[in-house]
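Structural overview for review
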Amino acid sequence: MDKVKLLSRVPLFRALHEKDIKRLADVVILRKYDKNQAILREDDKHTSSMFIIVTGKIKVMITSYEGKEAILDIMEPGDYFGEMSIIDGEPRSASVYAVEHTELLILRREDLLVQIERNPKLALSMLIEFSRRLRIADRRISSLALLGVYGRIANLIIDLANKKGEAVGKIIVVKDRPTHQEIADMTGTTRETVSRVLNKLQRSGSLLVERDKLIVLHKEELENVE
């Protein structure tokens, strides 16, 4: 596995020179997790590393006092998580589980802070990336607070298209789509409701749902769904 190549693709590290990325590659640790294994737990105070996905898939979750779970995000190879604790040293804000067999690169807090001291541009790059993630989080919070179930699901599809969609002419293809249950957990509804909404969006001609992908036919129509 080419750790240098993988690290250079992470948005946080785009400001680093190759020699600095090589230094990081020398200190990251490769770790494997089985399906459904916990990687991080909410409020964990004893970890302050960030994680970069090499293979597999993870889900980021929070649990209410009543025990109800909600999925905040699903991440795939090239994505990273855990960056908040690596900066402020505070307990984890969410739990993370492996959806399938997953390999991660682990970067310790002290090793990243050394790079920040050496290269101030890295701090700016991190601020820009954190701002981008905050905007996405704000969009999702607004969606949950202000939109009906149709709008929440349409908004999630738009986020997926923006994050991992591949443009093919005028359409956008989202491969390895979330399951109906995962979409339900991310939008605060039920699996049955997700099926009903996706069917309606297909009938409207704005979306095509296949077994392992979503095909966005008219993104602007999804953006107007409330």
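Our structure is the block above this text.
1. Here we look at the packing of aromatic side chains
- All chains considered together, the criterion is met by one aromatic pair.
- With a centroid separation of 5.1 Å and 5° between ring planes, the pair formed by Phe51 and Phe81 is classed as stacked. In this pair, Phe51 is assigned in strand E3 (residues 49-55) and Phe81 in strand E6 (residues 80-81), connecting sequence segments 30 residues apart. Comparing Phe51 with Phe81 shows no difference in burial state: the two are buried.
- Here the guanidinium or amino end of Arg133 rests over the ring plane of Tyr80, the centre of that ring lying 3.9 Å away.
- Positioned above the aromatic ring of Tyr150 is the side chain of Lys200, whose terminal nitrogen or guanidinium carbon lies 4.8 Å from the ring centre.

2. Quick word on the pattern of salt bridges
- Considering all chains together, one arrives at 12 salt bridges under this definition.
- A salt bridge links Lys32 to Glu103, with the nearest nitrogen and oxygen atoms 3.8 Å apart. On the criterion of sequence distance, the pair formed by Lys32 in strand E1 (residues 29-33) and Glu103 in strand E8 (residues 102-108) is long-range, its members being 71 residues apart.
- In this structure Lys32 comes out as exposed when scored by relative accessible area, which is 54%.
- In this structure, Glu83 engages Arg133 in a salt bridge whose closest nitrogen and oxygen atoms are separated by 3.1 Å. Taken as a pair, Glu83 in helix H3 (residues 83-88) and Arg133 in helix H5 (residues 120-146) lie far apart in primary sequence, 50 residues in all.
- Take Glu83: its relative accessible area is 7%, and that puts it in the buried class.

Criteria and cut-off values
- Residues numbered from 1 in each chain as written.
- Predicted model: local features only at pLDDT ≥ 70, side-chain atom pairs only at ≥ 80, totals over all residues.
- Heavy atoms only, no water.
- Phe/Tyr/Trp six-rings, centres within 6.5 Å; stacked < 30°, edge-to-face > 60°.
- Helix = DSSP H or I, 4+ residues; strand = E, 2+ residues; numbered from the N terminus.
- Buried < 20%, exposed > 50% of the residue type's maximum accessible area, 1.4 Å probe, protein only.
- Lys NZ or Arg CZ within 6 Å of the ring centre and 35° of its normal.
- Salt bridge = Lys/Arg side-chain N within 4 Å of Asp/Glu carboxyl O.

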